[in-house]
Every structure is written in C-alpha cells, then in structure tokens.
Amino acid sequence: MMIQKPRGTRDFLPPEMAQRRFIEQKMRDVASSFGYGEVVTPMFEEQELFTIKSGEGIISEMYAFEDKGGRKITLRPEITSAVIRAYVNGAQMAPKPLRWFYFAECFRYERPQKGRYRQFWQFGSELIGADSAAADAEVIALSYALLKSTGVRFILKVGHLAPMKHLLAVLDAPAQKKVMAALDKRDMEMLETTLSGLEHSELFEPLKGLTTAATLPEIFAITGDIPEKSRIEETFGYLDAQNIPYEQNFGIARGLDYYTGMVFEGFADNLGAENQILGGGVYRLAHLFGGKDVPSCGFGIGFDRVLVSLGEFTPETKPVVAVVCTPETRAAAYKTAAAFREAGITTVMDLLDRGFGAQLSSALKSGATFAAVIGEKEAQAGTITLKDLGTGSQTEISPESAVGVIHGSRR
RNA sequence: GCUAAGGUAGGGUAGUUGGACAUCCUUUAGGACUGUGGAUCCUUAGACCCGGGUUCGAUCCCCGGCCUUGGCCCCA
C-alpha cells in the first residue's frame, strides 16, 4: 500500500458512518429540544486564540503552522475558545442568554491510543450570559440528556471549585496548581507529599474530605459558610428536582485554570485509560478575546469515545427496495424507482444487466428489504412483483399499493 | 515524550529453526444456471509493513523507520 492515512486518523465507511450519524442525530435532537441552536466556526484559527486560554505550551500539541501570508495558524484543538471568539466577534449584543451547541472535529498532535485520535469529534454546548444556579443546572441536565440519548453507560460527577479554592487560598498560584493536579487525580499519596513539601500538611485532611464527602453538609462542615454556599445548594437542588443521577465530587479540578465555578465530568465504565467522555463547567473567557466580560457555562462530549464505549450496534434502518429489471423493462423500472423515491423510499437499481437470480442475490447481500421485480409481464400490465426478502413471499401489485406495503413494513 | 506487544490478500488465518509458484476460510469478478435467492462446483483477482544489513539465498535473523493496539505522561 503506497499511501496510508495519517497517524491517528480514521476512514469511516458507510456502515460505521450510519452508526455515527445515528448517534449524532439523537444528540442534535436533544440539544434542539432544549432550545440550543447550532454554531459552526472555522476548522483553523489563529494560534493565539488557544495560547491565550491555555498557554504557549500547548503549541507542541497542536497542528500549528504558518500559512502563506506568514500568519500563525492552527487546526482547532477544541471548540470552546472558538465559540466564545465567535460570540465576541458577532453576537455580543444578542439578547441573553445564548444557547448554542456544536458538533465538529478537532485536531491534537498527541500519541494515539484507545479513544484518543489526532482527529476527533466533539459535541458540546455553551450557554452564554446566564449566571445562575438554574443555568448551571440546565447545562448539566443537557449534557446528561445528551449522553443518555446515546445509550452509553456513564457516571456523572458534579462539583464546584469554590470549596477547594477557599482551602487553597493560603497558597500561591503555582502551589495551588500542583495541589489541584494531585486532587484531580485522586492521588492521596501525591497530595500528602505535595502538601508536606509546601509545609501545609494541615490542608491534607480537609482537602481529602472534599473528595470523599458524599453530601453538601459534609462539605460545608469542612469549609464553613463560604459565599458560594447557597449557589451550590441551589444548583444541586435543581439537579435533584430533575431526578438527574450524579455523584457529588468537590475534588474535580479539571487540571484547568479557566473554570471559575461549577464543574462536572462524565465517565464511561469500559474505556480504559481514556474513559472521560464529558467535561465542562462555568468559565469566563470573552474578556480574554477582547469582548465584554460575560459569564458562560459549557461542556464538550467526546463523540468518538461515546461510540467506542457503545461498541457494535445496529442503527434503525429504513426499508430499501432493490428494483430488479431487464434491459427491456428498464424504462418502466425507472418510472417505478422514481415513484418510490418520491414517496421517500430508498430505491436502488441494478447497473450490470445481470440475470434475475444474480440481481436478487446481490440485493440480499446488500441488505435490501424488498425486491421490486419488473419483467416483461409486469411492464405490460403496469404492475410490479413485490418480494419481501425477509420472508420470501411475493405478490404482484400496482406500484402505488406497493408504496403502502413498504411504508407499512417499517421496522 | 516514555513503555510493552504486534504487523502475511479487503477481513480472518496457517506456515517456513533461512530454500523453489506461500495455506485455508471469507471476499472480488466470471461461469455452470437465460423470470427468482445467501447453497454447491469450476475458474479468476488479491498478501509476507517500508528501508538498509548479514547470506549463494531473507517473509523468517539483525538494525532503523512507519503503522496498530494497550499502558504511562499529558489531556485545553
């Protein structure tokens, strides 16, 4: 084989694309049912858009290059920044809140492994201009409904950065980052050694408590009455009111600097090392891109990981009719095929002038549900012989009534 | 970036301790069989990841690379 596809990329052939589109459509329907509208942004952006948010270090993990005009460009490694840039560029004056979703591919120059590719798809949403417990709860509810609609098995974890940040207030920023990294990993040994290295071992028990506390009262017993208390209680209350199953976890740090409040994650149980399929939270980015500061809350879902987790499944299919004809009756067959397609029925015709037996055999192999045989007899009578390829039974009927039969068979 | 295992037709495999046309199943195309089936039979197409090295000779041994799959790091 002379040419291979680039490392970490995949070709999707029709059977797999049918699965992917099937899941994608379910997610689109859910997003739409929550009143979210789709946005599309460029596949490449100026590098600065992402370095502003995440630092220069990420350039090594991006598909970054200079274009012919000497501009520093990168294939987008994530979508949130681009969506907020688009908001700043063109929608700051739109009435709030804005409910947006996206489904698009991203590119990262990383070592591929299970559930991690260099080109991958994210389904996500951003709720812009609503800073409230109800907003936080809506975004979580949306992400939950999206994952639920796909059929994937997952666990939702919800937390808030405030309790942790209150405990860490005595540390400087680099030290906070180290501690948060250990917390996010649930690595208590690492947490303990990090803290003792910083000579703040007294923080170990409270921080550990954040990750193990199962209820909000336990959290506030550790932190005392912090200003965010009522907001957190309200958000969790709204989740409970919607019967959304989640685990509380105030150890979520997401390894990120830019989240400012509520954070949440979702994990599939069968994906190995790359099992996170959802990540999101409350953040503020607009002012970094030259816009007016605005509260936002969003998340991304790892679409490819959802599909890996789902494994093999057969999407619902519509009936497919294979029209079987001879060179002499092809004209009549075209008429029938056109009528079927007009009626919304997927219709394929033989192209190789094969015998009836070969055409039927080919129809079976291709997975067609019906064959419409149009030979001399049928062409003269203006009928077709409709054969159910599942049962083998057949009847000679008019094309019009065949439409009804085929529609009625929908599985 | 680190690490382990691996790479034989489109898919799945056998095999050679270094020897001649590389096995089988599936698949592709055609036929046996001309208005009705996934069967059967015959024929056909299709592979030793790439590049060096050792050797009379390498799919096999050695080195390097590429790619795949796990794990680590990272994960915006």
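Draft legend 1. Main features of the overall build of chain A. Summing up its helical and strand segments, chain A has 15 helices and 16 strands in all. Computed over its C-alpha atoms, the radius of gyration of chain A comes to 28 Å, more than 25% above the 22 Å expected for a compact globule of 411 residues. Counting only C-alpha atoms and orienting by the principal axes, one finds that chain A spans roughly 95 × 55 × 45 Å. Taken over 411 residues, chain A has a buried fraction of 49%.

Draft legend 2. Region of the structure containing the sheet that holds strand β12 (residues 320–325). Here 5 strands make up an open sheet; going across it, the order is β13-β12-β14-β15-β16 and the pairing mixed. Looking at which strands have only one partner, the edges of the open sheet turn out to be β13 (346–349) and β16 (394–397). The average undirected angle you get between the axes of adjacent strands in this sheet is 25°. Taken together, the 4 bridges between strand β15 (residues 384–388) and β16 define a ladder with antiparallel strand orientation. Along β16, the bridge assignment pairs I384 with I397.

Draft legend 3. Here's a closer look at the sheet that holds strand β8 (residues 247–248). Strand order in the open sheet formed by 8 strands is β1-β5-β6-β11-β10-β9-β7-β8, and the pairing between neighbours is mixed. With partners counted over all chains shown, the strands left at the sheet margins are β1 (37–38) and β8, one partner each. The pairing of β1 with strand β5 (residues 98–107) spans 2 bridges and is classified as parallel. Each residue of the ladder has a partner; that of G37, found in β5, is W100.

Draft legend 4. Main features of the environment of D293. For D293, the position within the fold is in the loop between β10 (276–283) and β11 (296–302). In this structure, the C-alpha to C-alpha distance between D293 and Q92, residues 201 residues apart in sequence, is 10.0 Å. Among the polar contacts listed, one links the side chain of D293 to the side chain of R284, at a separation of 2.9 Å. At 3.3 Å, the side chain of D293 and the side chain of H287 are in polar contact.

Draft legend 5. Here's a closer look at the side chain of E378. Among the structural elements, E378 can be located in helix α14 (residues 376–381). Among buried charged residues, E378 stands out as having no salt bridge; its nearest opposite-charge side chain is K377, 4.6 Å away. Setting aside chain neighbours within four positions, we find E378 in contact with V373, T383, I384, T385 and E396.

Draft legend 6. Geometry of the packing of aromatic side chains. Evaluation of the coordinates by the stated rule reveals 12 aromatic pairs. When the ring of F236 is compared with that of F250, the centres are 5.8 Å apart and the planes differ by 20°; the resulting orientation is stacked. Of this pair, F236 sits in helix α10 (residues 229–241) while F250 sits in the loop between β8 and β9 (259–268), placing them 14 residues apart in sequence. Take F236 and F250: they sit in the same class, and that class is buried. Through successive ring pairs, a cluster of aromatic residues spans F101, F103, F123 and F303.

Draft legend 7. The arrangement of the pattern of salt bridges in detail. What the rule picks out here adds up to 24 salt bridges. Taking the shortest distance from any N to any O, the salt bridge between E24 and R21 comes out at 2.7 Å. Residue E24 and its partner R21 are both found in helix α1 (residues 14–33); the two are separated by 3 residues, about one turn of the helix. K72 is the partner of E66 in a salt bridge, and the nearest nitrogen-oxygen pair spans 3.4 Å.

Draft legend 8. Quick look at the side chain of R28. Among the structural elements, R28 can be located in helix α1. Within the local environment of R28, its side chain forms a polar contact with the side chain of E38, the two groups lying 2.9 Å apart.

Draft legend 9. Spatial organisation of the packing of helix α8 (residues 204–212) against helix α9 (residues 216–223). Between α8 and α9, the least distance of the axes is 9 Å, while the angle of their chain directions is 165°. In terms of their interaxial angle, α8 and α9 are classed as roughly antiparallel. The two elements α8 and α9 cross, and the hand of that crossing is left-handed. Across the interface between the two elements, P206, G209 and L210 of α8 pack against I219, I222 and T223 of α9. Among the residues forming the contact of α8 with α9, the class breakdown is 4 nonpolar, 2 polar and no charged.

Definitions and cut-offs
- Residues numbered from 1 in each chain as written.
- Chains lettered and ligands numbered in written order.
- Predicted model: local features only at pLDDT ≥ 70, side-chain atom pairs only at ≥ 80, totals over all residues.
- Heavy atoms only, no water.
- Helix = DSSP H or I, 4+ residues; strand = E, 2+ residues; numbered from the N terminus.
- Rg over C-alpha atoms; globule rule 2.2 N^0.38 Å.
- Buried < 20%, exposed > 50% of the residue type's maximum accessible area, 1.4 Å probe, protein only.
- Pairing = 2+ DSSP bridges.
- Axes fitted to C-alpha atoms, helices over the stretch in contact; angles between N-to-C directions.
- Polar contact = N/O pair within 3.5 Å; in protein donor to acceptor, adjacent residues only side chain to side chain.
- Lys, Arg positive; Asp, Glu negative; His and termini not counted.
- Salt bridge = Lys/Arg side-chain N within 4 Å of Asp/Glu carboxyl O.
- Contact = heavy atoms within 4.5 Å.
- Phe/Tyr/Trp six-rings, centres within 6.5 Å; stacked < 30°, edge-to-face > 60°.
- Parallel < 35°, antiparallel > 145°, perpendicular 65-115°, else oblique.
- Left-handed = near helix turned anticlockwise from the far one by under 90°.
- Nonpolar A, V, L, I, M, F, W, Y, C, P; charged D, E, K, R; others polar.

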